[in-house]
Amino acid sequence: MNHYILRLNLSLATIILTCTSQLAYSKANGSHINMGISYPSLNLKISDQGQETASGSSKHSIVYEPVVAKAGHLSYTAGYLSLSYSRSIDEEEEKPQFSGGSIKWYRSTYGFDIDHQQFESFQITNGSGFSLALPNSEINKQDLRVNLTTARVYILPFRKQYAFSVSFEPAVKKKTGVAAGVMFSGNDLTFSTNQGLIPQTWKIPFGNNAGFVDANLRGNYLQLCAAFTLAYGPSYFSFLGAVGPGEQSYNYTVNTFSENTNTGTNRSQAFLLKTQAGLVGQTFFTAISTSIKSPEYTLDKLTIAGNQQETKGITGFKWAW
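What counts, and at which threshold
- Residues numbered from 1 in each chain as written.
- Predicted model: local features only at pLDDT ≥ 70, side-chain atom pairs only at ≥ 80, totals over all residues.
- Heavy atoms only, no water.
- Helix = DSSP H or I, 4+ residues; strand = E, 2+ residues; numbered from the N terminus.
- Buried < 20%, exposed > 50% of the residue type's maximum accessible area, 1.4 Å probe, protein only.
- Contact = heavy atoms within 4.5 Å.
- Areas by Shrake-Rupley, 256 points an atom, 1.4 Å probe, with all protein chains shown as cover.
- Pairing = 2+ DSSP bridges.
- 1 Å grid on protein atoms, 1.4 Å probe; cavity = no way out; pocket = protein on both sides within 12 Å on 5 of 7 lines; lining within 4 Å.
- Points joined across faces, edges and corners; volume = space filled by probe spheres on them.
- Nonpolar A, V, L, I, M, F, W, Y, C, P; charged D, E, K, R; others polar.
- Salt bridge = Lys/Arg side-chain N within 4 Å of Asp/Glu carboxyl O.
- Polar contact = N/O pair within 3.5 Å; in protein donor to acceptor, adjacent residues only side chain to side chain.
- Core = buried A, V, L, I, M, F, W, Y, C linked by side-chain atoms within 4.5 Å.

Chemist: So what exactly am I meant to see when it comes to the overall build of the protein chain here?
Modeler: Secondary structure summary: the protein chain contains two helices and 19 strands in total. Among the 321 residues that make up the protein chain, the fraction classed as buried is 48%. Across the protein chain, every contact between residues at least 6 apart in sequence was considered, and the portion connecting residues at least 24 apart equals 66%. Here the protein chain displays about 15,800 Å² of accessible surface, and carbon together with sulfur accounts for 56% of that area.

Chemist: What am I meant to see in the sheet that holds strand β10 (residues 140-141) here?
Modeler: Working definition: the strands of a sheet are paired by backbone hydrogen bonds and lie parallel or antiparallel to each other. Ordered by their spatial adjacency, six strands build an open sheet running β10-β9-β4-β3-β18-β17, and the pairing between neighbours is antiparallel. Lying at the two open borders of the sheet, with one neighbouring strand each, are β10 and β17 (296-298). As defined by bridge partners, strand β9 (residues 122-128) adjoins β10 across two bridges and the pair is classed as antiparallel. By the bridge assignment for β10, Phe 122 is matched with Lys 141.

Chemist: Hey, could you run me through empty space enclosed by the protein in this one?
Modeler: Unfilled space is identified by rolling a water-sized probe across the atoms. Tallying each qualifying case throughout the model produces one cavity of 30 Å³ or more. Volume-wise, the largest cavity comes out at about 130 Å³. Contributing to the lining of the largest cavity are 15 residues, with Thr 150, Ser 185, Asn 187, Phe 271 and Lys 293 lying nearest its centre. For the lining of the largest cavity, the secondary-structure elements that each account for two or more residues are β11 (145-160), β12 (177-192), β13 (212-232) and β15 (259-280). Per-element accounting of the lining of the largest cavity gives the leading share, four residues, to β12. Looking at the lining of the largest cavity, its residues break down into six nonpolar, seven polar and two charged.

Chemist: Please clarify how the pattern of salt bridges should be interpreted in this entry.
Modeler: Two side chains with opposite charge may pair up if their charged atoms get near one another. Within the structure shown, the criterion is met by four salt bridges. Ionic pairing is found between Arg 152 and Asp 113, a salt bridge with its closest N-O pair at 2.8 Å. Of this pair, Arg 152 sits in strand β11 while Asp 113 sits in strand β8 (residues 110-119), and the two are 39 residues apart along the sequence. The pair formed by Arg 152 and Asp 113 is uniform in burial state, with each residue classed as buried. The shortest N-O distance in the salt bridge between Asp 115 and Arg 152 comes to 2.8 Å. Of this pair, Asp 115 sits in strand β8 while Arg 152 is found in strand β11, placing the two residues 37 residues apart along the sequence. Classification of Arg 152 as buried rests on a relative accessible area of 6%. In this structure, a network of salt bridges that share partners links the residues Asp 113, Asp 115 and Arg 152.

Chemist: Sorry, what's going on with the side chain of Gln 223 here?
Modeler: Tracing the sequence through the fold places Gln 223 in strand β13. There is a polar contact of 2.8 Å between the side chain of Gln 223 and the side chain of Ser 185. For Gln 223, the side chain forms a polar contact with the main-chain oxygen of Ala 270, separated by 2.9 Å. Ignoring anything within four residues of it in the chain, the contact list for Gln 223 reads Gly 181, Val 182, Met 183, Ser 185, Ala 242, Val 243, Gly 244, Ala 270, Phe 271 and Leu 272.

Chemist: Is there a simple way to think about the nonpolar core in this case?
Modeler: Ile 46, Tyr 64, Phe 191, Phe 212 and Leu 217 are the most contacted members of the largest nonpolar core, which has 33 residues in total. When contributions to this core are tallied by element, the ones reaching two or more residues are β3 (44-47), β4 (61-66), β9, β11, β12, β13 and β14 (235-255). Tyr 162, Ala 179, Met 183 and Cys 225 belong to the second largest nonpolar core, which has 13 residues in total.

Chemist: Which parts of the structure should I look at to understand the environment of Pro 234?
Modeler: With respect to the helices, strands and loops of the structure, Pro 234 is situated in the loop between β13 and β14. Between the alpha carbons of Pro 234 and Lys 175 there is a distance of 9.9 Å; along the sequence they are 59 residues apart. Apart from the residues lying within four places of it in its own chain, the contact partners of Pro 234 are Gly 278, Leu 279 and Val 280.

Chemist: Would you explain the pairing of β9 in this entry?
Modeler: A regular strand places its side chains on the two faces of the sheet in alternate fashion. Bridge count between β4 and β9: six bridges; the pairing is antiparallel. Looking at β9, one finds that Val 63 is bridged to Asn 126.

Chemist: I'm lost on the pairing of β14 in this one. Help?
Modeler: Strand direction decides the pairing type here: β13 and β14, joined by 18 bridges, are antiparallel. Across the sheet, residue Phe 228 finds its bridge partner in β14, namely Phe 239.

Chemist: Help me understand unusual backbone geometry in this model?
Modeler: The phi angle of most residues is negative, glycine excepted, and most peptide bonds adopt the trans form. Located in the positive-phi region is Gln 161, a residue other than glycine, with phi close to 55°. Along the chain, Gln 161 turns up in the loop between β11 and α2 (164-167). Using a relative accessible area of 62% as the deciding quantity, one classes Gln 161 as exposed.

This is the structure we're talking about:
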């Protein structure tokens, strides 16, 4: 039953789903350490529908998920600054299948964060539109490496009793407030595979792009941002949402008979959604937080799409000296 629930949660995220159970220790002045186990996933959905693809053609898509059993997580917060690091801890693997880290710095009306994830091995979990079934020998893509880096700058000048620095800090008591502003964000997605991204059995519908072997995809966005916190006694609920347009650029290599590099740009939109609900007491705090990001890259004849989602549970104690 637990395995079924885990697979159901993973299916909700098209790019990254990290479910973390953490134990946190916090000083009364705001510093704390979180340690726990996470189950990360990075779902890549590749479709043959691109900017130059006829709208009436049939759609073929492939979904990849990384092969990661579990990862250890450690983070430290001191004042406005927070640092975290994660790494897979499967003892049977010679090298980590997953590693990641982040840095965050939030003040009352502005802040920034940067996070990075790297996955080393994938498998195909779904395919649609194909007439032939995929043999077991082509399901695993062990040489597929994916890196995703995201950076965001938040500016919330219009606010009433809202403090961005504590709105998503589980150890600090909240006040009801609201804010609005803008967010500047950028993401960078790179991946490479010597065997090619498209399995041999499903190459025909992808035409000349069937020999896709690597890519560097980037997006920059200017988004409207709104946030609020509802607090009642020790309980609270915090929300932040952002949506807006941007420009994406892509550079990828197809290696069928001879290597061919393709570049281009296109306009796109992206969104971010963050929520957190919890209880904050004198010596004890607990919270559940989620975040969903949506990068999608439309190339000339392909689309690489997905949602990055992170769900985290935190329980901890505070002390002072």
